[in-house]
Amino acid sequence: MKQALVVDDHPIVRDGIKELLQRAFPAVTVKDSSGEDGLLEEVCGYPWAFVVLDINLPGQNGLDIIKKTKVRCPEIPIIVFSLYSERQYAARALRAGAVAYLSKERPPRDLIDMVKTTLEGGAVKKPRELMVSQPVLSDREVQVLALFVRGMSRKEISQELNINEKTVSTYRARLLHKLGVRNLVELIRYAVEEGLVD
């Protein structure tokens, strides 16, 4: 039987996530951790099917844990589930090695869907399988994409590039279409994994 690990420093949150995942995936045994000292050994000490990790942990940086995990046990998929906004932290988490970043403001169904995709091996493989060849992006599209990866908002990008905010939205829609992704988080993940921006 597959086992998964939920890491969060709040017991009520841990219990809620465990119950949600256990109901959705009865074939997976869900364990939990408060994320205290020894977390890296705990994560890498068992071949977890996936790890749901909060990045705001007592006495340590969740992003650093992800980076170290990717060095020691890169085969373990890490899904970050955090209170921090996706716009601010998704790019950093994905760049560190997470397969997904979800805000705790998302509906429970989104976490279930991401876990399902991860268990099926789709979180990392999907972009390469869908794209037969690398899409051609204009210079301006690459500029906008790079700023999204840096965590900038549409308003900030419009100010940075001296263009209308609606124009930024148009570029965002084009990028989603060209890269075959559904939302900003998937767009950032694809850009980071495929090395589309520096």
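Look a little higher up for the structure.
In this text, all values refer to a predicted model and were calculated from it rather than measured experimentally. (Residues numbered from 1 in each chain as written. Predicted model: local features only at pLDDT ≥ 70, side-chain atom pairs only at ≥ 80, totals over all residues. Heavy atoms only, no water.)

1. Side note on the nonpolar core
Counting 24 residues, the largest nonpolar core has Leu145, Ile157, Leu179, Leu187 and Leu196 as its most contacted members. Once you skip the residues sitting within four places of it in the chain, leucine 187 turns out to touch Leu145, Leu175, Leu176, Leu179 and Val181. Counting residues in each nonpolar core, the second largest holds 23 residues, with Val43, Ile66, Ile76 and Ala96 among its members. (Core = buried A, V, L, I, M, F, W, Y, C linked by side-chain atoms within 4.5 Å. Buried < 20%, exposed > 50% of the residue type's maximum accessible area, 1.4 Å probe, protein only. Contact = heavy atoms within 4.5 Å.)

2. Regarding the side chain of threonine 118
Its place among the elements puts threonine 118 in helix α5 (residues 108-119). In this structure the side chain of threonine 118 is engaged in a polar contact, spanning 2.8 Å, whose partner is the backbone oxygen of methionine 114. (Helix = DSSP H or I, 4+ residues; strand = E, 2+ residues; numbered from the N terminus. Polar contact = N/O pair within 3.5 Å; in protein donor to acceptor, adjacent residues only side chain to side chain.)

3. Let's talk about the environment of aspartate 54
Considering the arrangement of structural elements, one finds aspartate 54 in the loop between β3 (50-53) and β4 (56-57). Put simply, aspartate 54 and valine 6 are 48 residues apart on the chain and 8.5 Å apart in space, counted from C-alpha to C-alpha. Beyond its immediate stretch of four places on either side in the chain, aspartate 54 contacts Val7, Asp8, Asp9, Phe81, Ser82 and Lys104.

4. Examining the state of the cysteines
Across all of its chains, the model carries one disulfide by this definition. The partner cysteine of cysteine 44 in its disulfide is cysteine 73, sulfur to sulfur 2.0 Å. What sets the handedness of the cysteine 44 and cysteine 73 disulfide is the S-S torsion sign, and at about -60° it is left-handed. Taken together, the positions of cysteine 44 in helix α2 (residues 39-44) and cysteine 73 in the loop between α3 (62-72) and β6 (78-82) put the pair 29 residues apart, joining distant regions of the chain. (Disulfide = S-S within 2.5 Å.)

5. Details of helix α8 (residues 154-161)
Among the residues of α8, those classed as buried are Ile157, Ser158 and Leu161. Relative to the axis of α8, the buried residues are bounded by an arc of 100° and lie together on one face. The outward face of α8, more than 90 degrees from its buried face, is lined by the exposed residues Lys155 and Gln159. Taken from the residues just after α8, asparagine 162 is the one with a positive phi, measuring 60°. (Arc of directions from axis to C-beta.)

6. Quick word on the packing of helix α1 (residues 11-24) against α5
Relative to each other, α1 and α5 sit at 55°, their axes nearing to 11 Å. Between α1 and α5, the crossing angle belongs to the class labelled oblique. Note that α1 runs across α5; the crossing there is right-handed. Of the residues in α5, those in contact with Ile17, Leu20, Leu21 and Ala24 of α1 are Pro108, Leu111, Ile112 and Val115. (Axes fitted to C-alpha atoms, helices over the stretch in contact; angles between N-to-C directions. Parallel < 35°, antiparallel > 145°, perpendicular 65-115°, else oblique. Left-handed = near helix turned anticlockwise from the far one by under 90°.)

7. Observations concerning the pattern of salt bridges
For the coordinates displayed, the defined rule picks out 11 salt bridges. Among the ionic pairs, arginine 106 bridges to aspartate 110, the shortest N-O distance being 2.7 Å. Within the structure, one salt-bridge network assembled from shared partners comprises Asp8, Asp54 and Lys104. (Salt bridge = Lys/Arg side-chain N within 4 Å of Asp/Glu carboxyl O.)

8. What about unusual backbone geometry?
With a phi angle near 60°, asparagine 162 is a residue other than glycine that sits in the positive phi range. Among the secondary structure elements, asparagine 162 is positioned in the loop between α8 and α9 (165-179).

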